[in-house]
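# Geometric and topological summary
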Amino acid sequence: MLAHPPPKWLKPLAWVALIWNLCGVIAFALQMLMTPEVISKMPIDQQAAYSNIPVWSTIAFAIAVFGGTLGSALLLAKKSFSLPVFTVSLMAILIQQYYNFIVINSVEIMGSSAVFMPLFVVVIAILLLCVSFKGKQQGWLYAN
């Protein structure tokens, strides 16, 4: 039994979060399925960026999207384990963004529009982490 009933907005938020993170899984799958032919049709700078993605950045991307998806499913199921899962997902997002903004300087390659989606991803991840933290703190989420 939950210590306190969850707010009415929690379930719709968890569904939206799950759909959002499933879109991230699709984006990951599409990146993994990029063939050299597809990459060759990109601008030269982007070709270099997509051809040389290090394994650690790819692993971070996978942990970020699959962790976010699992965290959202756990939040939907009102499980407090969503908190550490969202924490790991956020850390992976930050590692991936380190690669994008520091290592390859994606703003230089793709312009200022390359800032908005990654920033949006980070903000959503932080918000989901905060909701999960508050849910655990307020007793909206089960411990097991």
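This structure is a prediction, so every number in the text was calculated from the model and none was measured. (Residues numbered from 1 in each chain as written. Predicted model: local features only at pLDDT ≥ 70, side-chain atom pairs only at ≥ 80, totals over all residues. Heavy atoms only, no water.)

## Thoughts on the packing of helix α4 (residues 55-76) against helix α5 (residues 82-103)
Two quantities define a packed helix pair, namely the angle between the helix axes and the distance between the axes. Interhelical geometry of α4 versus α5 gives an angle of 150 degrees and a closest axis separation of 7 Å. If you check the angle between α4 and α5, you find them roughly antiparallel. Pair α4 / α5 crosses with left-handed handedness. Across the contact of α4 with α5, the residue classes tally to 17 nonpolar, eight polar and no charged. (Axes fitted to C-alpha atoms, helices over the stretch in contact; angles between N-to-C directions. Helix = DSSP H or I, 4+ residues; strand = E, 2+ residues; numbered from the N terminus. Parallel < 35°, antiparallel > 145°, perpendicular 65-115°, else oblique. Left-handed = near helix turned anticlockwise from the far one by under 90°. Nonpolar A, V, L, I, M, F, W, Y, C, P; charged D, E, K, R; others polar.)

## What to know about the confidence of the model for the protein
A residue-level look at the protein finds 97% of positions with pLDDT of 70 or above and a mean pLDDT of 91. When pLDDT is averaged over each helix and strand of the protein, the minimum, 76, is found for helix α6 (residues 106-110) and the maximum, 97, for α4. (pLDDT = per-residue confidence, 0-100.)

## Regarding the side chain of N21
By secondary structure assignment, the location of N21 is in helix α1 (residues 10-32). Of the polar contacts made by the side chain of N21, one reaches the backbone oxygen of G68; its length is 3.4 Å. Among all residues touching N21, those that are not within four sequence positions of it are V65, G68, T69, S72 and L128. (Polar contact = N/O pair within 3.5 Å; in protein donor to acceptor, adjacent residues only side chain to side chain. Contact = heavy atoms within 4.5 Å.)

## Overview of the nonpolar core
Of all hydrophobic cores here, the largest spans 18 residues; its most connected members are L10, L75, F86, I93, L128, L129 and L141. Going through the elements one at a time, α1, α4, α5 and α7 (113-138) are the ones with two or more residues in this core. Broken down by element, this core gets its largest block of residues, six residues, from α7. L10 has contacts with L75, V131, W140 and L141, leaving out every residue within four places of it along the chain. In terms of nonpolar packing, the next biggest core, distinct from the first, is built from five residues, V25, F28, F61 and V65 among them. (Core = buried A, V, L, I, M, F, W, Y, C linked by side-chain atoms within 4.5 Å. Buried < 20%, exposed > 50% of the residue type's maximum accessible area, 1.4 Å probe, protein only.)

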